[in-house]
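# Coordinate inspection notes
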Amino acid sequence: MLFFALVVGYLLGSIPFGLVLTRLAGTQDIRTIGSGNIGATNVLRTGRKGLAAATLLGDALKGTVAVLIAARWGEPAALAGAIGAFTGHLFPVWLGFKGGKGVATFLGTLFAVAWPAGLAFAGLWLGCAVLFRYSSLAALVASAATPLVLLALGRPQAALVYVALAAALWWMHRANIARLRAGTEGRIGQKG
């Protein structure tokens, strides 16, 4: 069942909502603007807030659904579903394994694994985003705190999985980290 959960999670995670929604709306290929990413932050750079919100929701829900499907076989399967969905978003089979950075999918899986940890992530992300206006910084802070929150909730197995997922999220944000250090990172709502 772990392999099944991983595969189903991966296939769900591979659905590129940002690309699908922007194409349906008739905007330019999302991969040709801003960061070239298929996620909600880059969709926001099109100036279409509704599309960005829909992308965020779709990318989060695919993670949530993957975990909920797998959860019927226990926590190890649920966590395998989370790993699969997150990996699918980062490396979608449909886009030549070049996907997004995984923040919304990370959050979606987290809400299904332990909703209080999902709320903590969302609160930290929002606080950092409002204070500093950098989506990447907010994601880095919130993801780094996630394993600690899961440990505090008495979920050591989940905490271990989210250490790995947070490390992958940080790796996917390595260019953002370099831009943050250089003071050239784009702010939330900035076009281009």
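The structure presented is a predicted model; accordingly, all values stated were derived computationally and were not measured. (Residues numbered from 1 in each chain as written. Predicted model: local features only at pLDDT ≥ 70, side-chain atom pairs only at ≥ 80, totals over all residues. Heavy atoms only, no water.)

Scanning the entire structure with this criterion turns up four aromatic pairs. Seen in terms of ring centroids, Phe-4 and Trp-73 are 5.6 Å apart; in terms of plane orientation they differ by 90°. Their pairing is edge-to-face. Within this pair, whereas Phe-4 is found in helix H1 (residues 2-13), its partner Trp-73 is found in the loop between helix H4 (49-70) and helix H5 (75-90), the two being separated by 69 residues in sequence. On the basis of an interplanar angle of 70° and a centroid distance of 6.0 Å, the ring pair of Phe-86 and Phe-106 is categorised as edge-to-face. In this pair, Phe-86 is assigned in helix H5 and Phe-106 in helix H6 (residues 103-113), connecting sequence segments 20 residues apart. Looking at Phe-86, the relative accessible area reads 1%, which means it is buried. Ring pairs connect the aromatic residues Phe-86, Phe-106, Phe-121 and Tyr-162, which therefore count as one cluster. Across the ring face of Trp-73, the terminal group of Arg-72 is positioned such that the distance to the ring centre comes to 5.7 Å. (Phe/Tyr/Trp six-rings, centres within 6.5 Å; stacked < 30°, edge-to-face > 60°. Helix = DSSP H or I, 4+ residues; strand = E, 2+ residues; numbered from the N terminus. Buried < 20%, exposed > 50% of the residue type's maximum accessible area, 1.4 Å probe, protein only. Lys NZ or Arg CZ within 6 Å of the ring centre and 35° of its normal.)

Computed from the structure, the largest pocket encloses a volume of approximately 830 Å³. Forming the boundary of the largest pocket are 39 residues, of which Ala-40, Thr-41, Asn-42, Trp-125 and Ser-135 lie nearest the centre. Listed by contribution, the elements that provide at least two residues to the lining of the largest pocket are helix H3 (40-44), H4, H6, helix H7 (115-132), helix H8 (135-152) and helix H10 (174-182). Counting residues per element, the lining of the largest pocket draws most heavily on H4, which supplies seven residues. Counted by class, the lining of the largest pocket contains 15 nonpolar, 16 polar and eight charged residues. Approximately 300 Å³ is the volume attributed to the second largest pocket. If you trace the second largest pocket, you find 15 residues lining it, with Lys-98, Gly-99, Lys-101, Met-172 and Arg-174 closest to the centre. With three residues, the single largest contributor to the lining of the second largest pocket is H10. (1 Å grid on protein atoms, 1.4 Å probe; cavity = no way out; pocket = protein on both sides within 12 Å on 5 of 7 lines; lining within 4 Å. Points joined across faces, edges and corners; volume = space filled by probe spheres on them. Nonpolar A, V, L, I, M, F, W, Y, C, P; charged D, E, K, R; others polar.)

Judged by side-chain polarity, Phe-3, Leu-6, Val-7, Leu-11, Ile-83, Phe-91, Val-93, Trp-94 and Phe-97 come together as a nonpolar surface patch covering roughly 840 Å² of accessible area. For the nonpolar patch, the element with the highest residue contribution is H1, accounting for four residues. Examined against the element boundaries, Phe-97 turns out to sit in the loop between H5 and H6. (Patch = residues over 30% accessible without salt bridge, like charges linked within 9 Å, V, L, I, M, F, W, Y side chains within 5 Å. Areas by Shrake-Rupley, 256 points an atom, 1.4 Å probe, with all protein chains shown as cover. Salt bridge = Lys/Arg side-chain N within 4 Å of Asp/Glu carboxyl O.)

Helical geometry note: an α-helix holds 3.6 residues per turn, so side chains three or four residues apart project in the same direction. Three or more residues of helix H2 (residues 17-24) are buried, namely Gly-18, Leu-19 and Thr-22. In an axial view of H2, the angular spread of the buried residues amounts to 95°, which keeps them on one side of the axis. Buried residues belonging to H2 abut H3 and H4. One or two steps after H2, the chain reaches Gly-26, where phi turns positive at roughly 80°. (Arc of directions from axis to C-beta. Contact = heavy atoms within 4.5 Å.)

What follows deals with the pattern of salt bridges. The tally for this structure, following the rule as stated, stands at five salt bridges. Close ionic contact of Asp-29 with Arg-23 constitutes a salt bridge, the shortest N to O distance being 3.4 Å. Its relative accessible area of 23% is what places Asp-29 among the partly exposed residues. In this structure, Lys-62 engages Asp-59 in a salt bridge whose closest nitrogen and oxygen atoms are separated by 3.3 Å. You can see Lys-62 and its partner Asp-59 sitting in helix H4, three residues apart, about one turn around the helix. Its relative accessible area of 4% is what places Lys-62 among the buried residues. One salt-bridge network, held together by shared partners, links Arg-23, Asp-29 and Arg-31.

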